[in-house]
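Tertiary structure, described
Residue strings, one per chain:
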Amino acid sequence: MADTTDVRPDALDRVAWPVATPRLSLRRARPDDADALFAYRSLPAVDRWLSRRFVSVEEWRVHHGEPDRLATTLVVEHDGEVVGDLYLAVRDGWAQQDVVDRPRPDEAEIGWAFSPSHQGRGYATEAVRALLQVCFEDLGLRRVVANAFADNEPSWRLMERVGMRREGVGVRDSLHRDLGWVDGVTYALLADEPRDGA
């Protein structure tokens, strides 16, 4: 008999997908989304800031189809066309081991990638605002964090637009494939803090 003591229910199953915004639809990723995501994720302007580079669509399809990947990926559509994707990983916040009466999981890490052909229209801001709403209102989380290379100004500017606060700058703490060791930034937002556009 398999041991299921460490298996947690999928937190994102508690959300009524798709989530609609005035212009966009956010939904759980499916294996057949791989090619649409690879079309922009493989572009140098996007790939430059992603945590992993995929050299072929076949390699990406295998990665995208992995259960852990699908469990944390949301697809953003505008009029039925994929314009970007979001990362949402729900987890326990850090705590001392003997603190047993707090709710778990209570924190999420978020991230995003958007097609350059759809940038400049506010889609990323609209999608991330909706993602924060999912985190705080639908999932009842306490805290959301996001990380970026400090040189990826569009990403951390988006964090600031949606009301996240800069919590830290890591000095040469992030290894970039082309730039070497560079600074990283961490942003966060608590459920009881004001959000821009909320």
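Provided above is the structure to which this section pertains.
Report follows, based on the coordinates.

Scoring rules and cut-offs
- Residues numbered from 1 in each chain as written.
- Predicted model: local features only at pLDDT ≥ 70, side-chain atom pairs only at ≥ 80, totals over all residues.
- Heavy atoms only, no water.
- Helix = DSSP H or I, 4+ residues; strand = E, 2+ residues; numbered from the N terminus.
- Rg over C-alpha atoms; globule rule 2.2 N^0.38 Å.
- Buried < 20%, exposed > 50% of the residue type's maximum accessible area, 1.4 Å probe, protein only.
- Contact = heavy atoms within 4.5 Å.
- Areas by Shrake-Rupley, 256 points an atom, 1.4 Å probe, with all protein chains shown as cover.
- Pairing = 2+ DSSP bridges.
- 1 Å grid on protein atoms, 1.4 Å probe; cavity = no way out; pocket = protein on both sides within 12 Å on 5 of 7 lines; lining within 4 Å.
- Points joined across faces, edges and corners; volume = space filled by probe spheres on them.
- Nonpolar A, V, L, I, M, F, W, Y, C, P; charged D, E, K, R; others polar.
- Core = buried A, V, L, I, M, F, W, Y, C linked by side-chain atoms within 4.5 Å.

**Here's the deal with the overall build of the protein**
When helices and strands are counted, the protein shows six helices and eight strands. Element order for the protein, N to C, with α for helix and β for strand: β-β-α-α-α-α-β-β-β-α-β-α-β-β. Relative to a compact globule of 198 residues, whose C-alpha radius of gyration would be 16 Å, the protein shows 17 Å and is just as compact. Principal-axis analysis of the C-alpha atoms gives the protein an extent of 45 × 45 × 35 Å. With 198 residues in all, the protein has 45% of them scored as buried. Within the protein, contacts between residues at least 6 apart in sequence are counted, and of these 62% link residues at least 24 apart. A total accessible area of about 11,000 Å² is found for the protein, and carbon and sulfur atoms account for 51% of it.

**Remarks on the side chain of Thr 125**
As for its placement among the helices and strands, Thr 125 is situated in helix H5 (residues 123-138). Dropping the residues within four chain positions of it, Thr 125 is found in contact with Leu 158, Arg 161 and Val 162.

**What about the pairing of strand S3 (residues 73-78)?**
In regular strands, side chains alternate between the two faces of the sheet. Counted residue by residue, S3 has six buried out of six residues, so it is predominantly covered. Sheet topology places strand S2 (residues 25-28) next to S3; four bridges connect them, and they run antiparallel. Across the sheet, residue Leu 26 finds its bridge partner in S3, namely Val 76. In this sheet, strand S4 (residues 81-91) lies alongside S3 in antiparallel orientation, the contact comprising six bridges. Note on S4: the bridge partner recorded for Val 75 is Asp 85. Hairpin connection, S3 to S4: the antiparallel pair is bridged by two residues, and Asp 79 has positive phi, about 50°.

**Overview of the environment of Arg 142**
In this structure, Arg 142 sits in the loop between H5 and strand S6 (143-149). For Arg 142 and Val 171, which are 29 residues apart along the polypeptide, the C-alpha to C-alpha distance reads 27 Å. When near neighbours in sequence (up to four residues on either side) are disregarded, Arg 142 contacts Asp 106, Glu 107, Phe 136, Leu 189, Leu 190 and Ala 191.

**What about empty space enclosed by the protein?**
Inspection of every chain in the model, using the stated rule, returns one cavity of 30 Å³ or more. There is about 60 Å³ of room inside the largest cavity. If you go around the largest cavity, the residues you meet are Phe 38, Arg 41, Ser 42, Asp 47, Leu 50, Arg 52, Arg 53, Phe 54 and Trp 60. Class assignment of the residues belonging to the lining of the largest cavity gives a composition of four nonpolar, one polar and four charged.

**Let's talk about the nonpolar core**
In terms of nonpolar packing, the biggest core is built from 38 residues, with Leu 86, Leu 88, Ile 110, Trp 112 and Met 164 touching the most fellow members. Elements with a minimum of two residues in this core: S3, S4, strand S5 (107-114), H5, S6, helix H6 (153-161) and strand S8 (180-190). For this core, the leading source of residues is H5, giving ten residues. Apart from the residues within four sequence positions on either side, Ile 110 is in contact with Tyr 87, Leu 88, Val 128, Leu 131, Leu 132, Cys 135, Val 144, Val 145, Ala 146 and Met 164. Counting residues in each nonpolar core, the second largest holds 14 residues, with Ala 29, Phe 38, Leu 50 and Phe 54 among its members.

**Some details on the environment of Arg 129**
With respect to the element layout, Arg 129 can be found in helix H5. Along the backbone, Arg 129 and Thr 21 are 108 residues apart, and their C-alpha atoms lie at a distance of 9.3 Å.

**Observations concerning unusual backbone geometry**
Residue Pro 18 is bonded to the preceding Trp 17 through a cis peptide linkage, with omega at -5°. A positive phi angle, close to 50°, is found at Asp 79, a residue other than glycine. Counting through the fold element by element, Asp 79 comes out in the loop between S3 and S4. Here the phi dihedral of Arg 172 falls at roughly 45°; this positive angle occurs in a residue that is not glycine. Mapped onto the secondary structure, Arg 172 falls in strand S7 (residues 165-176). We classify Arg 172 as exposed; its relative accessible area is 58%.

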